[in-house]
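# Inside the fold
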Amino acid sequence: MGPLLAILRGFVTAILIILVFAAPARAEDEIRIQEELWALTLPLPMFAYLVRPVGDGPFPLVIMNHGVSLNMADRSFFPLVEFRDAAKWFARRGYLVVAPVGTGYGAAAIDIPERGLYGPFFSKIGKCENPNFPDAGLAIAQVDRWIIDYLTAEKRIIPKDVIVVGQSAGGWASIALSSLNPPEVKAIITFAAGRGGRVGGKPNNNCAPEKLIEATGTFGRTSRIPMLWIYIENDTFFGPDLSKRMHAAFTAAGGKAEYHLMPPFGNEGHYFFGSPDAIPIWSPVVSKFLDAQK
């Protein structure tokens, strides 16, 4: 075990005890759950928030992919636990939910030379004049495959019963994953999926919308996993016109995606999935979609 991994494990052991005992599930919940913090010993080790039903399992798995920030300072303040309420919603329905925190976030948010696609901050798209949208998505998709293999080897999950959920760039990675058709993944759900949004902080100013649509169609050519795409009317990163064109390109190429446009939410719909107030809005749509996959 390397020194980094030893430090991670020691740190996680201490926090794991705190999380398990400080955040017990409420007795009135149909399924009792517990929250944990793990260090995943992947080819690139990373922390992950994990919430699951109480018991030994194995359980069906939900992987939750978060978005990205290209700003180093913003990444340094990235929360260790994002989408906690959404994750607990899935856990109370019997899923083991793992939400990895990408390398290059939190205290590790430093820009040092990358190791190919899988460096410390591996999801850059390059220059706006010629962005590499496909590889940025496929890099995070590879992490999802590592997580599936890791938890399968640990006998924590039920093979071939995996749902992947992603928001923003994490949703884009989930679309990329669908193009690989991993046999363990039976459905994918995305919220506000895309890349290159709000260039220079300007609303509805995408880096290269035509290239994003083209890349979406490319993924659709091989994608055969049932998908649910959720967008929000007042999303200023990936607005209705762009998201509808992405969906049209994806399905015309052969991809299977159900599209839902939700009404405006708060001041910025892009962050819809992270709000506990949004759960009553999206949960009926998600529940219906998941029931259809059984």
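Residues numbered from 1 in each chain as written. Predicted model: local features only at pLDDT ≥ 70, side-chain atom pairs only at ≥ 80, totals over all residues. Heavy atoms only, no water.

## Points about the overall build of the protein
Selection rule: Only DSSP runs of H or I reaching four residues or more are called helices, and only runs of E reaching two or more are called strands; each is numbered from the N terminus. Any residue under 20% of the maximum accessible area for its type is buried, any over 50% is exposed, and the rest in between are partly exposed; the area is computed with a 1.4 Å probe on protein chains only. In this description, contact between two residues means that some pair of their heavy atoms is separated by no more than 4.5 Å.
In terms of regular secondary structure, the protein is built from eight helices and eight strands. Taken across its 294 residues, the protein has 53% of its residues classed as buried. Considering only intrachain contacts with a sequence separation of at least 6, the fraction spanning at least 24 residues in the protein is 72%.

## Here's the deal with the pattern of salt bridges
To keep things clear, this is the line we draw: For this document, the term salt bridge refers to a Lys or Arg side-chain nitrogen within 4 Å of an Asp or Glu carboxyl oxygen.
In total, this model carries six salt bridges according to the counting rule given. The closest approach of N and O atoms between E35 and R84, which form a salt bridge, is 2.5 Å. With a gap of 49 residues between them, E35 in strand β1 (residues 33-40) and R84 in helix α3 (residues 84-91) connect regions that are remote in the sequence. Overall, the relative accessible area of 2% leaves E35 in the buried class.

## Considering the nonpolar core
One broad rule of soluble globular proteins: the nonpolar side chains tend to lie buried together. To keep things clear, this is the line we draw: Think of a nonpolar core as a cluster: buried Ala, Val, Leu, Ile, Met, Phe, Trp, Tyr and Cys residues, connected wherever their side-chain atoms sit within 4.5 Å.
With 49 residues, the main nonpolar core has L40, L61, V98 and L151 as its most contacted residues. Among the elements that line this core, the one with the most residues is helix α4 (residues 133-153), at nine residues. The contacts of L40, once residues within four sequence positions are left out, are P45, M46, A48, V98, I147 and Y150. Formed by 33 residues, the second largest nonpolar core is a distinct cluster that contains F83, I163, I230 and I232.

## What to know about unusual backbone geometry
That bond from G57 to P58 is cis: its omega, 5°, falls within 30 degrees of zero. Position of P58 relative to the elements: it lies in the loop between β2 (46-53) and β3 (59-65). Although it is not a glycine, K160 adopts a positive phi angle of roughly 65°. Note on placement: K160 falls in strand β5 (residues 157-167). The class for K160 is exposed, based on a relative accessible area of 59%.

## Quick word on the packing of α4 against helix α5 (residues 169-178)
To keep things clear, this is the line we draw: Every angle, taken between N-to-C directions, lies between 0 and 180 degrees, and every axis is a line fitted to C-alpha atoms, over only the stretch in contact when it is a helix. When describing relative orientation, an angle under 35 degrees is termed roughly parallel and one over 145 degrees roughly antiparallel, while 65 to 115 degrees is termed roughly perpendicular and anything else oblique. Ten residues, namely Ala, Val, Leu, Ile, Met, Phe, Trp, Tyr, Cys and Pro, are considered nonpolar, four, namely Asp, Glu, Lys and Arg, are considered charged, and the remaining ones, Gly among them, are considered polar.
The contact between α4 and α5 brings their axes to 7 Å, and the two run at 80°. Relative to α5, the element α4 is oriented roughly perpendicular. Residue-level contacts link F133, G137, L138, I140, A141, D144 and R145 of α4 to W172, A173, A176 and L177 of α5. Looking at side-chain class alone, the contact of α4 with α5 contains eight nonpolar, one polar and two charged residues.

## What to know about the packing of aromatic side chains
What counts here: Note on ring pairs: Phe, Tyr and Trp rings are taken, using the six-membered ring of Trp, and paired if centres are within 6.5 Å. Classes follow the plane angle, with under 30 degrees stacked, over 60 edge-to-face and the rest tilted. Over a ring means this: the NZ of a Lys or the CZ of an Arg is within 6 Å of the ring centre and within 35 degrees of the ring normal.
Taken as a whole and judged by the stated rule, the model has 16 aromatic pairs. Relative to Y95, the ring of F90 has its centre 6.1 Å away and its plane inclined at 75°; by these criteria the two rings are edge-to-face. An aromatic cluster is defined as three or more aromatic residues linked by ring pairs; in this entry it consists of F83, W89, F90, Y95, F191, F265, F272, F273 and W282. The ring centre of F237 lies 5.5 Å from the NZ or CZ of R198, which sits over that ring.

## Digging into the confidence of the model for the protein
Rule in force here: The predictor's confidence in any single residue is recorded as pLDDT, a number from 0 to 100.
Confidence in the prediction of the protein, expressed as mean pLDDT, is 83, and 77% of residues score 70 or more. Confidence drops under pLDDT 50 across residues 1-29; counting only partners more than four residues distant or on other chains, this segment forms 29 contacts. Per-residue pLDDT stays below 50 along residues 104-122; that stretch engages in 50 contacts with residues further than four places along the chain or on separate chains.

## Topic: the sheet that holds strand β4 (residues 96-100)
Defined as follows: Whether two strands pair depends on DSSP finding at least two bridges between them.
Sheet architecture is open: eight strands sit in the order β1-β2-β4-β3-β5-β6-β7-β8, paired in mixed fashion. In this open sheet, the two strands that pair with only one neighbour each are β1 and β8 (257-262). Averaged over neighbouring strand pairs, the angle between their axes works out to 20° when direction is ignored. Across six bridges, the pairing between strand β7 (residues 227-232) and β8 is parallel. Its bridge partner being in β8, L228 is matched across the sheet by E258. In this fold α3 packs onto β1, β2, β3, β4, β5 and β6 (185-191), with an angle of close to 40° to the strand it touches most, β2. Relative to the sheet, α5 contacts β3, β5, β6 and β7, its axis offset from that of β5 by approximately 135°.

## Topic: the environment of W89
Tracing the chain through its elements places W89 in helix α3. Taking the relative accessible area as the measure of exposure, W89 reaches 8% and is therefore buried. Considering only alpha carbons, one finds W89 and I279, 190 residues apart in sequence, at a separation of 8.2 Å. When sequence neighbours within four positions are dropped, the list of residues in contact with W89 reads I279, W282, S283, V286 and S287.

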